[in-house]
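Coordinates in review
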Amino acid sequence: MSIPLWVWALSLLALLFLFAFDFFSHVRKAHVPSLRESLLWSCFYIILALLFGIGLFHTLGHQVGMSFLAGFVTEKSLSMDNLFVFAILMARFNVPEEAQQKALLIGILLALVIRGGLIMVGGDLVSRFSWIFYLFGLFLLYSAVKLIVEECSDDKEDEYQPNALIRYVQRRLSISPDFDGNRFVTRVEGKRWFTPLVVVVVALGLTDVMFAFDSIPAIYGLTQIPYIVLMANAFALLGLVQLYFLLGGLLQKLVYLGLGLAAILAFIGVKLIMESLHHNQLFFIHHGMPLSTVPEISNAFSLGVIMGILLVTTVASLIRNHFIRH
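A few points about the overall build of the protein chain
When you go through the protein chain residue by residue, the secondary structure sums to 11 helices and two strands. For a compact globule of 326 residues, the expected C-alpha radius of gyration is about 20 Å, and the protein chain comes in at 21 Å, within 12% of that figure. A principal-axis box enclosing the C-alpha atoms of the protein chain has dimensions of 75 × 55 × 40 Å. Here the protein chain displays about 16800 Å² of accessible surface, and carbon together with sulfur accounts for 68% of that area.

Below, the structure is given as structure tokens:
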């Protein structure tokens, strides 16, 4: 499906406006958001995504609308895992609470820009090489197994380790030893220095992009329309700042979240491989002929499975916490 250029332009302008609105209405003034503020704006962005999905139902059809909703729920649930790492990163750099909103929003915006590039590359690969879905499916299965192993391991990694790029930024820039509110630049003895908040923003953006290597193949398993992939990613990231402050320590209580996310990745990985077999062109599989007997999984069914996994994961976590307390 070809999306008109004016729709792309209008959508990107709308996203830019939403990020600018978020910045000037919440983030520009350094403060720690209240529970009520975080709850209201988290709900606002989720409702906005649902309204966008309803609009797609009416303008582009049921299949496209369902693809967006399934993609949005998948990306939103996978982004929950990001919040664990974000919390570790904030603690590692000792970021003041009142500066965390600004760091998160700009870091997420940076991640969305990089994700946009990855989505365009992925879309080009999908359009040129249909067999790429085999690789996507196998990679998601590998990611699911890796996540299960990490969740079942008694020796979990809770310490953030800066990668080579972050260490390079720290070496090349003049970084002041202390934060200055939520400013990126400060003056020390008359000399201009970057504050550690710059490093935090880069670390947040790159950390989120690392998660994108799982989430982007996952959403391409639900839809092959780059526009829908980008918008599902964007709406999943919008409101992530408020969700970070809303959930806070509650994330630690969702003890089975990692296993639930692994199940979602594995399900979409299997779905991708089944679709690849249904449209097979690889000569060493069934002599290059499609396997028409392989069933196709609809996006409505996929959405139901994803929602069901998240529901079971949440209920099981709450039950476990209840028995631990008593």
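So much for the structure itself; the text now carries on.
Section: the packing of aromatic side chains
Under the criterion given, the structure shown has 17 aromatic pairs. Centroid distance Y244 to F245: 5.2 Å. Interplanar angle 85°. Geometry classified as edge-to-face. Overall, Y244 belongs to the buried group, its relative accessible area being 13%. Across from the ring centre of F93, 5.5 Å away, lies the NZ or CZ of R92, which sits over that ring.

Points about the environment of Y220
Assignment of secondary structure puts Y220 in helix α7 (residues 196-220). Sequence separation between Y220 and L265 is 45 residues, and the spatial gap between their C-alpha atoms is 12 Å. Looking at Y220, its side chain comes within polar contact range of the main-chain nitrogen of G123, at 3.0 Å.

Some words on the confidence of the model for the protein chain
Considering every residue of the protein chain, the mean pLDDT works out to 84; 94% of them sit at 70 or more. At the low end of the mean pLDDT range in the protein chain sits helix α6 (residues 164-172), at 77; at the high end sits helix α8 (residues 226-237), at 92.

Brief notes about the pairing of strand β2 (residues 191-194)
The pairing of strand β1 (residues 185-188) with β2 spans four bridges and is classified as antiparallel. What sits directly across from R187, in β2, is R192. The antiparallel pairing of β1 with β2 creates a hairpin that spans two residues between the two strands, and E189 there sits at a positive phi of about 55°.

Points about the packing of helix α4 (residues 97-128) against α7
Look at α4 against α7: their axes get within 7 Å of each other, and the N-to-C directions meet at 35°. Of the two elements, α4 crosses α7, and the hand of that crossing is right-handed. For the contact of α4 with α7, the class distribution of residues is 19 nonpolar, five polar and two charged.

Considerations on the environment of Y45
Along the chain, Y45 falls in helix α2 (residues 35-60). In sequence terms Y45 and L240 are 195 residues apart; their C-alpha atoms lie 9.1 Å from each other.

Some remarks on the pattern of salt bridges
In a structure, side chains of opposite charge can pair up when their charged atoms sit close to one another. Tallying each qualifying case throughout the model produces five salt bridges. Its salt-bridge partner being R115, residue E75 comes within 3.4 Å of it at the nearest N-O pair. Of this pair, E75 sits in helix α3 (residues 62-92) while R115 sits in helix α4, and the two are 40 residues apart along the sequence. Assigned by exposure class, E75 and R115 land together as buried. Between K271 and E275 there is a salt bridge, with its nearest N and O atoms 2.6 Å apart. Highlighted residues: K271 and E275, both in helix α10 (residues 257-278), separated by four residues, approximately one helical turn. The class for K271 is buried, based on a relative accessible area of 2%.

About the thresholds
- Residues numbered from 1 in each chain as written.
- Predicted model: local features only at pLDDT ≥ 70, side-chain atom pairs only at ≥ 80, totals over all residues.
- Heavy atoms only, no water.
- Helix = DSSP H or I, 4+ residues; strand = E, 2+ residues; numbered from the N terminus.
- Rg over C-alpha atoms; globule rule 2.2 N^0.38 Å.
- Areas by Shrake-Rupley, 256 points an atom, 1.4 Å probe, with all protein chains shown as cover.
- Phe/Tyr/Trp six-rings, centres within 6.5 Å; stacked < 30°, edge-to-face > 60°.
- Buried < 20%, exposed > 50% of the residue type's maximum accessible area, 1.4 Å probe, protein only.
- Lys NZ or Arg CZ within 6 Å of the ring centre and 35° of its normal.
- Polar contact = N/O pair within 3.5 Å; in protein donor to acceptor, adjacent residues only side chain to side chain.
- pLDDT = per-residue confidence, 0-100.
- Pairing = 2+ DSSP bridges.
- Axes fitted to C-alpha atoms, helices over the stretch in contact; angles between N-to-C directions.
- Left-handed = near helix turned anticlockwise from the far one by under 90°.
- Nonpolar A, V, L, I, M, F, W, Y, C, P; charged D, E, K, R; others polar.
- Salt bridge = Lys/Arg side-chain N within 4 Å of Asp/Glu carboxyl O.

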